[in-house]
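Residues per chain, in single letters:
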Amino acid sequence: MKLTMAIAMTGMAAALLTAPALAQDVRPNDVKQDRKDIRQDRRDLRGDRRDIRQDRRDIRQDTKDIRDDRRDLSADRRELAADRKAGDKDAVKGDLKDIRADRKDLNADVKDRRADAKELRKDRRDRRQDRRDLRQDRKDLKAGQAAK
């Protein structure tokens, strides 16, 4: 009984003596990993900001395209009305064809703008999450350095 007790005590003493050394070995790696995480989060934030800027540009361009398509559609309708008044059937046929094409362009541009707006919302969500991650990693780093 005394022998097993002595072995158990020796094992426990060895564990207690080596535990702080093991903890010190782990902490620098944690700090190193936290710094890596922070750098990666900063990169992610830069990328998200770039994506948001591009999405906003795309939305602006789509809005301009929509405005132009509506102007074209309006002009085609005026031409159609004038051709109907003049009784020119061939011109009416061509105007109807132009109106269909312009309507198709308009719908495609509206669809593009909707998709870009959706992507912008997604990128803003990503940016928010990356900000949270960066704050958490900074907090972890501060806690890791304080524990040193």
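Look above for the structure.
A. Representation of the overall build of the protein within the structure. Assigned secondary structure in the protein consists of two helices and zero strands. Looking at the 148 residues of the protein, the share that counts as buried comes to 22%. Taking the contacts inside the protein whose residues are at least 6 apart along the sequence as the reference set, 83% of them involve residues at least 24 apart. Summed over all atoms, the accessible surface of the protein reaches about 11,500 Å², with 51% contributed by carbon and sulfur.

B. Highlighting the environment of Asp 98. Relative to the elements of secondary structure, Asp 98 occurs in helix α2 (residues 89–146). In this structure the C-alpha to C-alpha distance between Asp 98 and Leu 80, which are 18 residues apart in sequence, comes to 9.6 Å.

C. Fine view of the side chain of Asp 34. Position of Asp 34 relative to the elements: it lies in helix α1 (residues 2–86). It is Arg 35 that comes nearest to the buried, bridge-free Asp 34 among opposite-charge side chains, at 8.3 Å. Of the polar contacts made by the side chain of Asp 34, one reaches the backbone nitrogen of Leu 141; its length is 3.5 Å. Not counting residues within four places of it along the chain, the set of residues in contact with Asp 34 comprises Asp 137, Asp 140 and Leu 141.

Basis of the calculations
Residues numbered from 1 in each chain as written. Predicted model: local features only at pLDDT ≥ 70, side-chain atom pairs only at ≥ 80, totals over all residues. Heavy atoms only, no water. Helix = DSSP H or I, 4+ residues; strand = E, 2+ residues; numbered from the N terminus. Buried < 20%, exposed > 50% of the residue type's maximum accessible area, 1.4 Å probe, protein only. Contact = heavy atoms within 4.5 Å. Areas by Shrake-Rupley, 256 points an atom, 1.4 Å probe, with all protein chains shown as cover. Lys, Arg positive; Asp, Glu negative; His and termini not counted. Salt bridge = Lys/Arg side-chain N within 4 Å of Asp/Glu carboxyl O. Polar contact = N/O pair within 3.5 Å; in protein donor to acceptor, adjacent residues only side chain to side chain.

Function cannot be inferred from these measures alone, as they are strictly geometric.
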